[in-house]
Amino acid sequence: MIAAWRRLRVENEFLYLFINNRVAQLAAFVATLCVGAAVLSPWLAPYNPYDIANIDLMDSLVPPAWSEGGDERFLIGTDDQGRDLLSAILYGTRLSLFVGLLSITFACVLGVSVGLMAGYFGGRFDTIMMRIADVQLSLPAILTALLIDGIARGILPREQHDNLMIIVLTVAIGLSLWVNFARTVRASTFVERNKEYVQASEIMGMHPLRIMVVHILPNIMGPILVILTVDLAVAVLLEATLSFLGVGVPPNQPSLGTLIRIGTEYMFSGEWWIVIFPSAMLIIMIISINILGDFLRDAFNPRLR
Amino acid sequence: MFRFILQRLLQSVFVILAVCLIAFSLFRFVGDPVAQMVGQETSLQDQENLRERLGLNDPLITQFGRFVSNLSRGEFGFSYRTRQPVSEMILKRMPATLELGFVSLLISLIVGIPAGIYTALKRGVLSNAILIATLVGISVPTFVIGIFLIYLFGVELGWLPTFGRGETVQIGWWETNFLTINGLKSLLLPAITLGIYQLTLTMRLVRAEMQDVLKTDYIKFATARGINYRSLYLNHAFRNTLVPVITIIGLQLGGIIAFSIVTESVFQWPGMGLLFLDSIRYVDIPVMSVYLVLIALMFVGINLLVDILYFVIDPRVRSKNARATQ
């Protein structure tokens, strides 16, 4: 048994560290639950909140089932339009995670491509891209995302806003997060580039694109994975913030941020559940992703071992 | 040193010009300025005359030159939405944002630096509690913090106002919150909301830097010499963490300006952030582009100031540069 442990530690250090970290396991469990609930929301949710046939305005602002005036049809109450809050939260989580994952994938593909090319070829492309990255890095992501969102609103015709908002949101968040990927990948590529296996591939006459993608990329996956996790939390947060500010997802498809915004309007008159439950969901999701990100960062950082 | 600052200054001018170019293309190509200014029944001929009069048919480079020279003279044009001069609108909103930002920066430094030093030096229940609290502080979105503060202190306890600036005092064109009790109370919740995230960043950074410095040989030697701990920690260790701390304060000012948009929206604080948000909602391009240029100016100014402060604080930078220029 002990021998097996020792072997695991040498052979799969990552798994070994994970098995010994209770907090990371808990966070992974909670994160999986959130993702599961989001993916399965059409089957898990008692009602479909997008379907107008299910919504009755007479059911609006019903408190949670256990409190006075509650209705057992709606476990945690309803919102201002009579939507079942539990269903709205499940669907909202799905939308939030969907936009978050899509935009972080966009940022990752863009950032990794730029970083690989800048690190591999160097030269003028490298200089220009890194200058742009420097300027953008001095602006906080939320400002960049807001600005791109605003420009898109100006360019696109007004009738198209609702249909295109999710794409606009994804691009805005993605463009404000690519810099982290690009800088890290560039630095790692710089190191890998001078190693013997890359030189060997070059002598064999391999195409640079093939060297970058097939040979260099697998060797720098660690840091990419760390940024992916840490920035996923940032992307979800950005989406929630933009939707809260009213410039995010269209109002007929509420995400968690939209639900929270609606909730604040009713907070003063004592309808606390509309704001509390979506906020709790958002916080739990972001904390678990952040803890996982911290774990990955420590696990991939040889200095800390 | 002079050469170094000159170099930085040139770089800053370059950045500002780049941002002006973005603002200009926003202004010129997003939506048609003429269509925004005239009514629907204006004839095409009149529209064309207006276009000629505004110089929109000139070469783009001339237009850009005019745009920059207008900006530098403080002529920012008119808002599409309210028809007021943009400069007036922004000037009226600026004190609100600056006062809010100043107080939240103060909160983040006054609480963050001591907490960072404490958690670096002491291990124990309190220290761990503070560290867990910072994880929450980083994970909970700014607007949710604001909402909970409103719920607790505004709705449940009813201690503090949660909406707007409250009573203000006018000094010249500057409207201040600092001179009335009600104004100060109104300032409290938004400033805490805005400051909490920055506070956790400051604390984590000071802690990490302190831990690094405490491992160095000169601290070990100073401990061996028997210098008293207070002086050791404050004069020897903390002083050497100041350089990265100043960088982060510079970055934080940027973060505070950006996140003031969110905080101002939660508390309906009538500052520049709320104005910017409205201009995005209503696609009010002139306000958007001027806000962009102003923000860029602020960021560049802050970065320049931080660079100069390095010289004042860190003698190593000074000597290295002196050698490099000789």
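Residues numbered from 1 in each chain as written. Chains lettered and ligands numbered in written order. Predicted model: local features only at pLDDT ≥ 70, side-chain atom pairs only at ≥ 80, totals over all residues. Heavy atoms only, no water.

1. What about the overall build of chain A?
- Helix and strand counts for chain A stand at 13 helices and zero strands.
- Taken from the N to the C terminus, the helices and strands of chain A come in the order α-α-α-α-α-α-α-α-α-α-α-α-α.
- Counting all 305 residues of chain A, 48% fall into the buried class.
- The contacts of chain A with a sequence gap of at least 6 include a subset with a gap of at least 24, amounting to 70%.
- Surface summary for chain A: the accessible area is close to 14900 Å², and the carbon and sulfur share equals 64%. (Helix = DSSP H or I, 4+ residues; strand = E, 2+ residues; numbered from the N terminus. Buried < 20%, exposed > 50% of the residue type's maximum accessible area, 1.4 Å probe, protein only. Contact = heavy atoms within 4.5 Å. Areas by Shrake-Rupley, 256 points an atom, 1.4 Å probe, with all protein chains shown as cover.)

2. A word on the interface of chain B and chain A
- Counting residues at the interface gives 39 residues for chain B, matched by 37 residues for chain A.
- Interface area for chain B against chain A, summed over the two sides, is near 3200 Å², with a carbon-plus-sulfur share of 83%.
- At the junction of chain B with chain A, the criterion picks out zero salt bridges.
- Elements supplying a minimum of two residues to the side of chain B that touches chain A: α1 (2-29), α6 (125-139), α7 (142-156), α10 (229-267), α11 (272-281) and α12 (285-313) of chain B.
- Of all the elements, α10(B) adds the most residues to the side of chain B that touches chain A, at eight residues.
- Taken together, the residues that form the side of chain B that touches chain A break down as 29 nonpolar, eight polar and two charged. (Buried area = accessible area lost by both parts, 1.4 Å probe. Salt bridge = Lys/Arg side-chain N within 4 Å of Asp/Glu carboxyl O. Nonpolar A, V, L, I, M, F, W, Y, C, P; charged D, E, K, R; others polar.)

3. Quick word on the packing of aromatic side chains
- Per the counting criterion, the structure on display carries five aromatic pairs over all chains.
- Centre to centre, the rings of Phe244(A) and Phe143(B) are 4.3 Å apart; their planes meet at 15 degrees, and the pair counts as stacked. Pair noted here: Phe244(A) is in helix α11 (residues 221-244) and Phe143(B) is in helix α7, and the two residues belong to different chains.
- The exposure class of Phe244(A) is buried, given its relative accessible area of 6%.
- Aromatic pair Tyr197(B) and Phe259(B): ring centres 5.9 Å apart, planes at 45 degrees, arrangement tilted. A residue pair is termed long-range when its members are at least 10 positions apart, and Tyr197(B) in helix α8 (residues 181-214) and Phe259(B) in helix α10 qualify at 62 residues.
- Classification of Tyr197(B) as partly exposed rests on a relative accessible area of 28%.
- Over the ring of Tyr120(A) we find Arg193(A); its NZ or CZ atom is 4.5 Å from the centre of that ring. (Phe/Tyr/Trp six-rings, centres within 6.5 Å; stacked < 30°, edge-to-face > 60°. Lys NZ or Arg CZ within 6 Å of the ring centre and 35° of its normal.)

4. Considerations on the nonpolar core
- Within the largest apolar cluster, 141 residues are counted, with the highest numbers of intra-cluster contacts made by Leu146(A), Leu282(A), Phe143(B) and Phe276(B).
- Contacts of Leu282(A), omitting those with residues within four sequence positions, involve Val236(A), Ala240(A), Leu256(A), Ile260(A), Pro141(B), Phe143(B) and Val144(B).
- Counting six residues, the second-largest nonpolar core is a separate cluster that includes Ala31(A), Ile291(A), Leu292(A) and Leu135(B). (Core = buried A, V, L, I, M, F, W, Y, C linked by side-chain atoms within 4.5 Å.)

5. Quick look at the domain arrangement of chain B
Residue and element names in this part refer to chain B.
- On domain assignment, one finds that chain B holds domain 1 (1-81 + 282-326) and domain 2 (93-246 + 258-272).
- Once you take the C-alpha centre of each, domain 1 and domain 2 turn out to be 31 Å apart.
- Contact between domain 1 and domain 2 buries roughly 760 Å² in total, counting both sides, with carbon and sulfur atoms accounting for 82%.
- Across the domain 1-domain 2 interface, the total number found is zero salt bridges.
- For the pair domain 1 and domain 2, the number of links is zero residue pairs in polar contact (both at pLDDT 80 or more). (Domains from an automatic or database assignment. Polar contact = N/O pair within 3.5 Å; in protein donor to acceptor, adjacent residues only side chain to side chain.)

6. A look at the environment of Asp278(B)
All names here are of chain B.
- Of note, Asp278 is situated in helix α11.
- Residue class for Asp278 comes out buried when judged on its relative accessible area of 17%.
- Linking Asp278 and Met288, residues 10 residues apart in sequence, is a C-alpha distance of 9.3 Å.

7. Some remarks on a nonpolar patch on the surface
Residues and elements named next belong to chain B.
- On the surface, a nonpolar cluster with roughly 740 Å² of combined accessible area is contributed by Phe102, Leu106, Ile110, Val111, Ile171, Phe178, Leu179 and Leu184.
- Counting residues per element, the nonpolar patch draws most heavily on helix α5 (residues 86-121), which supplies four residues.
- Note that Leu184 resides in helix α8.
- Looking at Leu184, the relative accessible area reads 38%, which means it is partly exposed. (Patch = residues over 30% accessible without salt bridge, like charges linked within 9 Å, V, L, I, M, F, W, Y side chains within 5 Å.)

8. Remarks on the side chain of Thr258(A)
- Residue position: Thr258(A) is located in helix α12 (residues 256-267).
- For Thr258(A), the side chain forms a polar contact with the main-chain nitrogen of Ser255(A), separated by 3.1 Å.

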